[in-house]
Amino acid sequence: QGRLVESGGGLVQAGGSLRLTCVGSGSIFSYNTMGWYRQGPENARELWAYITHDGRANYEDSVKGRFRISRDNSKNTLYLQMNSLKPEDSGVYFCNTYKVRSDYWGQGTKVTVSP
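So, here is what we can say about the structure in this document. (Residues numbered from 1 in each chain as written. Predicted model: local features only at pLDDT ≥ 70, side-chain atom pairs only at ≥ 80, totals over all residues. Heavy atoms only, no water.)

## Regarding a negative patch on the surface
Phase 1: On the surface, a cluster of negative charge is contributed by Glu42, Glu46, Glu60 and Asp61.
Phase 2: A residue is classified by how much of its surface remains accessible, and Asp61, at 71% relative accessible area, is exposed. (Patch = residues over 30% accessible without salt bridge, like charges linked within 9 Å, V, L, I, M, F, W, Y side chains within 5 Å. Areas by Shrake-Rupley, 256 points an atom, 1.4 Å probe, with all protein chains shown as cover. Salt bridge = Lys/Arg side-chain N within 4 Å of Asp/Glu carboxyl O. Lys, Arg positive; Asp, Glu negative; His and termini not counted. Charge placed at Lys NZ, Arg CZ, Asp CG, Glu CD. Buried < 20%, exposed > 50% of the residue type's maximum accessible area, 1.4 Å probe, protein only.)

Printed below as a string of structure tokens:
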């Protein structure tokens, strides 16, 4: 299909957890490093976490220790486990390759964290 499909967002209280999923084609996943991006107040999509094709993960300081990224290449699926959520984590979450491709952006999934 080309575009990635995100799901799993919702409304949660501060301190709660959510798990996001992202499903794509084999051609996208193949050997690509994949990342999770948040679209925040300025509409910029900021990278929060990324993971290589063989499972090596990296995180931005703002989410390190709270978020965990993982992938299942056999299912062409990317995950983001979000714990200890804060209101400032709210936004629309997207997945894409680490080297972003404009045609891979999906609809995103909305995360709302209440105080």
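## Quick look at the sheet that holds strand E7 (residues 67-72)
Phase 1: With antiparallel pairing, 4 strands are arranged side by side in an open sheet as E1-E3-E8-E7. A strand with exactly one partner marks an edge of an open sheet, and here the two such strands are strand E1 (5-7) and E7. Sheet twist, expressed as the average angle between the axes of neighbouring strands with direction ignored, equals 15°.
Phase 2: Across 3 bridges, E1 lies against strand E3 (residues 18-23) in antiparallel orientation. Note that in E3 the partner of Val5 across the bridge is Val23. (Pairing = 2+ DSSP bridges. Helix = DSSP H or I, 4+ residues; strand = E, 2+ residues; numbered from the N terminus. Axes fitted to C-alpha atoms, helices over the stretch in contact; angles between N-to-C directions.)

## Structural notes on the pattern of salt bridges
Phase 1: As enumerated under the stated definition, the model contains 2 salt bridges in all.
Phase 2: Put simply, Arg56 and Asp54 hold a salt bridge, and the shortest N to O gap is 2.8 Å.
Phase 3: Looking at Arg56, the relative accessible area reads 52%, which means it is exposed.
Phase 4: Classification of Asp54 by relative accessible area gives partly exposed; the value is 43%.

## Focus: the environment of Glu60
Phase 1: Mapped onto the elements of the fold, Glu60 is located in the loop between strand E6 (57-59) and E7.
Phase 2: Take Glu60: its relative accessible area is 37%, and that puts it in the partly exposed class.
Phase 3: Spatially, the C-alpha atom of Glu60 lies 15 Å from that of Leu85, the residues being 25 residues apart in sequence.
Phase 4: Excluding residues within four positions of it along the chain, Glu60 makes contact with Leu47 and Trp48. (Contact = heavy atoms within 4.5 Å.)

## Some remarks on the state of the cysteines
Phase 1: Enumeration over the complete set of coordinates arrives at 1 disulfide.
Phase 2: Put simply, Cys22 and Cys95 are joined by a disulfide, and their sulfur atoms are 1.9 Å apart. As the torsion about the S-S bond is roughly 75°, the Cys22-Cys95 disulfide counts as right-handed. Highlighted residues: Cys22 in strand E3 and Cys95 in strand E9 (residues 91-97), separated in sequence by 73 residues.
Phase 3: Relative accessible area serves as the criterion here: at 0%, Cys95 is assigned to the buried category. (Disulfide = S-S within 2.5 Å.)

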